Amino acid sequence: MQRRNIFRGLLLAVMVVSAGNLAVAWLGAPTDAIAAAANQTDRPLEERTPVVDDRHGATVITTDPPGGNDGLGAIVAFGADGRPLYHNDTYGNYFDVDPDPPGSKTVLYVAGSRYDPCPDALKARTNASVGDGCAAVAIERVNLTTGATERLHTAVTGWDIWHDVDRIDKHRLLVADIARDRVFTLNTTSDEVTWEWRAEEDLDPDNGGNPGDWTHVNDVELLDDGRVMVSLRNHDRVVFLDPGEGIQRDWTLGAEDAYGILYEQHNPDYIPPARGGPAIVVSDSENNRVLEYQRENATWTRTWEWQDERLRWPRDADRLPGGHTLVTDSHGNRVIELSESDDVVWSVSISTPYEAERLGTGDESAAGKSTVAFANRSVSAEAAGTDRTSKTGFSWLVAFVTGPAINGVLHVAPTWMTIGDLVVACVFVATAATAGIVEAYWSGVGQRLRQWRGSR
């Protein structure tokens, strides 16, 4: 009996300590800037108080929380002095946001809500069939100063919200259609599709991706030379399209399962030769890092990499003028700005951010330079052309556990939780389960079970 009590005491001590640590982490979590902004945006601007540190220019942030029902996601903007400019949580998820036009305080964004099962009112409008779910998509422009909103387009897709739309001209948008594995040009005046590229035209549908989510095309960018750069997340690669010819295969960055190059990346930005390129700044999401690749001698070479202990599942990295980089750390629940020497010089606590834009610096990395354009920046080059990881090797398992496995759990866990908190939570659950099992055994349940088995 004394041994049992000692064991009970040990289990109880572990449960109390782990529960206490979780309580401290929850109570000590920083205030979410979205909540702070929402509490003030009904006041006149001059009466609002700063909720983030001041910075050079206004910053707009979108969020993509798990679930995606109405009111969960948000788009929020903070002025250069840290005061909230704008807040809207009409939709479940907000993705791409761009200044429209550049230099203004009007932005273009794509947002929407997911439904499973699909409401009857939306079923008739969907033109894709993936299970019973659907998503309502909205493309809108909003003046961050006045709040005036213009709806440009609505759509219903088979399962997911478009992640990126880019302005081509007054009437046309370039769309990354994640639900149908395509890129297309949309005329918002006539709602006509004037050009499209389908992934199945250049890629084998039997290779890569998951059933119902083959390429997960999550970003698109029209380049000055007329080509289109596309992020195929589930294929671990960034491709370049010639609108009349298809993929330019010798320009592709990454390869299926080549996790040392890219692992389910997000939001690549192209930097042209005039600003030190050709180069790509990209969020290497499942590797928990942000990278830059330089094209030299027809080969992509890694010339910059950044990560810290907190960075988890980054999904946007914009190179700003002067060499700073604006990064959204989705599971670190923050947006940060890195200096040209890679120090964190600005940070905002915000739950599950997807994309961030610094107004006045152009669209995404439109005014940024590559690292090789800065003489004071150390560059360690690493070739990326054939860096392929075996899908059956131990290295693949490590990449999967540290990437999709942990990031997937963090995506559905409470936003205040870190990896350390998840470990503590697992200890608490395992200890509580052990205590329950041994108490049941000691109470006689085990003995009665053995007797019942012996009588059969």
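The structure we're discussing is the one just above.
Residues numbered from 1 in each chain as written. Predicted model: local features only at pLDDT ≥ 70, side-chain atom pairs only at ≥ 80, totals over all residues. Heavy atoms only, no water.

**Q** Quick question: what am I supposed to make of the packing of helix H1 (residues 2-27) against helix H5 (residues 419-442) here?
**A** Helix packing for two helices is described by the angle between their axes and how far apart those axes are. Orientation of H1 relative to H5, taken along the N-to-C sense of each, is 150°, at an axis distance of 9 Å. Considering the angle they form, H1 stands roughly antiparallel to H5. Pair H1 / H5 crosses with left-handed handedness. Mapping the contact onto sequence places Arg-4, Phe-7, Arg-8, Leu-11, Val-14, Met-15, Ser-18, Ala-19, Asn-21, Leu-22 and Ala-25 in H1 and Asp-421, Val-424, Ala-425, Val-427, Phe-428, Thr-431, Ala-432, Thr-434, Ala-435, Val-438, Glu-439 and Trp-442 in H5. Broken down by class, the residue content of the contact of H1 with H5 amounts to 15 nonpolar, 4 polar and 4 charged. (Axes fitted to C-alpha atoms, helices over the stretch in contact; angles between N-to-C directions. Helix = DSSP H or I, 4+ residues; strand = E, 2+ residues; numbered from the N terminus. Parallel < 35°, antiparallel > 145°, perpendicular 65-115°, else oblique. Left-handed = near helix turned anticlockwise from the far one by under 90°. Contact = heavy atoms within 4.5 Å. Nonpolar A, V, L, I, M, F, W, Y, C, P; charged D, E, K, R; others polar.)

**Q** How should I be thinking about the state of the cysteines in this particular structure?
**A** A covalent bond between the sulfur atoms of two cysteines is referred to as a disulfide. One pass over the structure, following the stated rule, counts 1 disulfide. Paired by a disulfide, Cys-118 and Cys-134 hold their sulfur atoms 2.1 Å apart. Disulfide Cys-118-Cys-134: the torsion about the S-S bond is 80°, which places it as right-handed. Here Cys-134 lies in strand E6 (residues 134-143) and Cys-118 lies in the loop between strand E5 (106-115) and helix H3 (120-123), a separation of 16 residues in the sequence. (Disulfide = S-S within 2.5 Å.)

**Q** Is there a simple way to think about H1 in this case?
**A** In an α-helix there are 3.6 residues to a turn, and that puts residues three or four apart on one side. Taking 1.5 Å per residue as the helical rise, H1 with its 26 residues ought to reach 38 Å, and the 37 Å between its terminal C-alpha atoms agrees with that figure. Among the residues of H1, those classed as buried are Leu-11, Ser-18, Leu-22 and Ala-25. (Expected span 1.5 Å × (residues − 1). Buried < 20%, exposed > 50% of the residue type's maximum accessible area, 1.4 Å probe, protein only.)

**Q** Got a minute to help me understand the environment of Asn-407 in this structure?
**A** Checked against the element boundaries, Asn-407 lands in helix H4 (residues 394-412). Residues Asn-407 and Ile-419, spaced 12 residues apart in sequence, show a C-alpha to C-alpha distance of 9.2 Å. Leave out the neighbours within four places in its chain, and Asn-407 touches Ser-285, Glu-286, Asn-288, Arg-312, Trp-313, His-331 and Thr-402. Only 2.8 Å separates the side chain of Asn-407 from the side chain of Glu-286, close enough to count as a polar contact. (Polar contact = N/O pair within 3.5 Å; in protein donor to acceptor, adjacent residues only side chain to side chain.)

**Q** Teacher, can you tell me more about the sheet that holds strand E11 (residues 192-198) here?
**A** Backbone-to-backbone hydrogen bonds pair the strands of a sheet. The strands run either parallel or antiparallel. What the 4 strands build is an open sheet, ordered E8-E9-E10-E11; its pairing is antiparallel. Strands at the two margins of the open sheet, each flanked by one partner only, are strand E8 (164-167) and E11. For this sheet the average axis-to-axis angle between neighbouring strands, irrespective of direction, equals 20°. Relative to strand E10 (residues 182-187), strand E9 (residues 172-177) is paired through 6 bridges, and the arrangement is antiparallel. Within the sheet, the bridge partner assigned to Asp-177 lies in E10 and is Arg-182. (Pairing = 2+ DSSP bridges.)

**Q** Is there a simple way to think about the side chain of Ser-104 in this case?
**A** Along the chain, Ser-104 turns up in the loop between strand E4 (93-99) and E5. The class of Ser-104 is buried, set by a relative accessible area of 18%. Among the polar contacts listed, one links the side chain of Ser-104 to the backbone oxygen of Pro-101, at a separation of 2.6 Å. At 3.2 Å, the side chain of Ser-104 forms a polar contact with the backbone nitrogen of Thr-106.

**Q** Looking at this structure, I do not really get the environment of Thr-361. What am I missing?
**A** Counting through the fold element by element, Thr-361 comes out in the loop between strand E25 (353-358) and strand E26 (382-383). Judged by relative accessible area, which is 14%, Thr-361 ranks as buried. Linking Thr-361 and Pro-99, residues 262 residues apart in sequence, is a C-alpha distance of 9.3 Å. If sequence neighbours within four positions are ignored, Thr-361 has contacts with Leu-320, Pro-321 and Ala-367. A distance of 2.6 Å separates a polar atom in the side chain of Thr-361 from the backbone oxygen of Arg-358.

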